Amino acid sequence: DTAVSQTPKYLVTQMGNDKSIKCEQNLGHDTMYWYKQDSKKFLKIMFSYNNKELIINETVPNRFSPKSPDKAHLNLHINSLELGDSAVYFCASSYSGGAYEQYFGPGTRLTVT
Amino acid sequence: ELKVEQNPLFLSMQEGKNYTIYCNYSTTSDRLYWYRQDPGKSLESLFVLLSNGAVKQEGRLMASLDTKARLSTLHITAAVHDLSATYFCAVALNTGGFKTIFGAGTRLFVKA
């Protein structure tokens, strides 16, 4: 059974389009995250939700809007895609409190042309 | 602002050799993590270090944490080719929720 799953795995789209990435975890964790990994492999946190509540919102353009319908799901919607949005987006989950490792999904490779 | 610095960023080593990767961070924290990422793959947790002096070992990898020096090390003993990967350290800061800041990663290549 997959612990943290993301769909789609690959996403190729044109500038200006709107797209969504979905994430689900079946580990019973109460905290979920979105990370962006750029072409140099640098990993940066974008958002974090705890029990459906947004607790971390980094300096991310407001074209990015996360949504957590329940604590097992965290989706990411991106409006008006730009070339610079091309990256691998990872969803992760963990128990809260900072004392636990995060479990990462397989990643979604987004290419904006 | 918390900064996490790893060195070296690239490491090519022979099988059988030992080496250490260093992770320095700028703000007090006692929550440090090491992750491994294979090319084109996701991240996998290796170690969670939660107190000063913590040491954890798994196979040929050993991680330690010195919170006073704000330094963690990942020591590789008798490297084998299968250890080739990118290793990230990450530090969590309590900002009302724990924000995890990752280092830039150390790309390790072990030559047979």
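Note that the structure is a prediction, hence the values are computed from the model and not measured. (Residues numbered from 1 in each chain as written. Chains lettered and ligands numbered in written order. Predicted model: local features only at pLDDT ≥ 70, side-chain atom pairs only at ≥ 80, totals over all residues. Heavy atoms only, no water.)

Okay, the pattern of salt bridges next. One pass over the structure, following the stated rule, counts five salt bridges over all chains. A salt bridge links Asp-85 of chain A to Arg-63 of chain A, with the shortest nitrogen-to-oxygen separation between them at 2.8 Å. Of the two residues, Asp-85 of chain A sits in the loop between β8 (73-78) and β9 (87-94) while Arg-63 of chain A sits in the loop between β6 (53-57) and β7 (64-70), which places them 22 residues apart along the sequence. Here Asp-85 of chain A matches Arg-63 of chain A in class, with each residue buried. Arg-36 of chain B is the salt-bridge partner of Asp-38 of chain B, the closest N and O atoms lying 2.9 Å from each other. (Salt bridge = Lys/Arg side-chain N within 4 Å of Asp/Glu carboxyl O. Helix = DSSP H or I, 4+ residues; strand = E, 2+ residues; numbered from the N terminus. Buried < 20%, exposed > 50% of the residue type's maximum accessible area, 1.4 Å probe, protein only.)

Further remarks concern the interface of chain A and chain B. Every contact between the two is made by 20 residues of chain A and, on the other side, 20 residues of chain B. Carbon and sulfur atoms supply 56% of the area buried between chain A and chain B, which totals about 1700 Å² over both sides. Our count for the contact surface shared by chain A and chain B stands at one salt bridge. One can count five residue pairs in polar contact (both at pLDDT 80 or more) joining chain A with chain B. Elements supplying a minimum of two residues to the side of chain A that touches chain B: β4 (31-37), β5 (43-50) and β6 of chain A. Residue classes in the side of chain A that touches chain B are distributed as 12 nonpolar, five polar and three charged. (Contact = heavy atoms within 4.5 Å. Buried area = accessible area lost by both parts, 1.4 Å probe. Polar contact = N/O pair within 3.5 Å; in protein donor to acceptor, adjacent residues only side chain to side chain. Nonpolar A, V, L, I, M, F, W, Y, C, P; charged D, E, K, R; others polar.)

Residue position: Thr-106 of chain B is located in strand β11 (residues 106-111). In this structure the side chain of Thr-106 of chain B is engaged in a polar contact, spanning 3.1 Å, whose partner is the side chain of Gln-6 of chain B.

Before going further, it helps to spend a moment on the nonpolar core. Residue and element names in this part refer to chain B. Of all hydrophobic cores here, the largest spans 27 residues; its most connected members are Val-4, Leu-32, Trp-34, Leu-74, Ile-76, Tyr-87 and Leu-108. Only β2 (10-14), β3 (19-25), β4 (32-37), β5 (43-49), β7 (61-66), β8 (71-76), β9 (85-94) and β11 provide two or more residues apiece to this core. A total of five residues in this core trace back to one element, the largest contributor, which is β9. Once residues within four sequence positions are removed from consideration, Val-4 is found in contact with Cys-23, Asn-24, Tyr-25, Cys-89, Val-91, Ile-101, Phe-102 and Gly-103. (Core = buried A, V, L, I, M, F, W, Y, C linked by side-chain atoms within 4.5 Å.)

Take the sheet that holds β3 of chain B next. All names here are of chain B. Read from one edge of the open sheet, five strands run β1-β3-β8-β7-β6, paired in antiparallel fashion. Only two strands of the sheet have a single partner each, and these edge strands are β1 (4-7) and β6 (55-58). Each adjacent strand pair in this sheet contributes to an overall mean axis angle of 15 degrees, direction not counted. (Pairing = 2+ DSSP bridges. Axes fitted to C-alpha atoms, helices over the stretch in contact; angles between N-to-C directions.)

Okay, the layout of surface pockets next. Approximately 330 Å³ is the volume attributed to the largest pocket. Phe-42 of chain A together with Glu-1, Leu-2, Lys-3 and Ile-101 of chain B are the residues nearest the centre of the largest pocket, which is lined by 15 residues in total. Looking at the lining of the largest pocket, the elements with two or more residues in it are β5 of chain A together with β1 and β10 (98-102) of chain B. Among the elements that line the lining of the largest pocket, the one with the most residues is β10 of chain B, at four residues. Broken down by class, the residue content of the lining of the largest pocket amounts to eight nonpolar, one polar and six charged. (1 Å grid on protein atoms, 1.4 Å probe; cavity = no way out; pocket = protein on both sides within 12 Å on 5 of 7 lines; lining within 4 Å. Points joined across faces, edges and corners; volume = space filled by probe spheres on them.)

What follows deals with the state of the cysteines. This structure, assessed with the given rule, holds two disulfides over all chains. Between the sulfur of Cys-23 of chain A and that of Cys-91 of chain A lies a disulfide, 1.9 Å long from S to S. Judged by the torsion about the S-S bond (-75 degrees), the Cys-23 of chain A/Cys-91 of chain A disulfide is left-handed. Of this pair, Cys-23 of chain A sits in strand β3 (residues 19-25) while Cys-91 of chain A sits in strand β9, and the two are 68 residues apart along the sequence. Neither Cys-23 of chain A nor Cys-91 of chain A differs from the other in exposure class; each is buried. Disulfide pairing places Cys-23 of chain B opposite Cys-89 of chain B at an S-S distance of 2.0 Å. The sign of the 75 degrees torsion about the S-S bond sets the Cys-23 of chain B-Cys-89 of chain B disulfide as right-handed. One end of the pair, Cys-23 of chain B, is in strand β3; the other, Cys-89 of chain B, is in strand β9, and 66 residues separate them in sequence. (Disulfide = S-S within 2.5 Å.)

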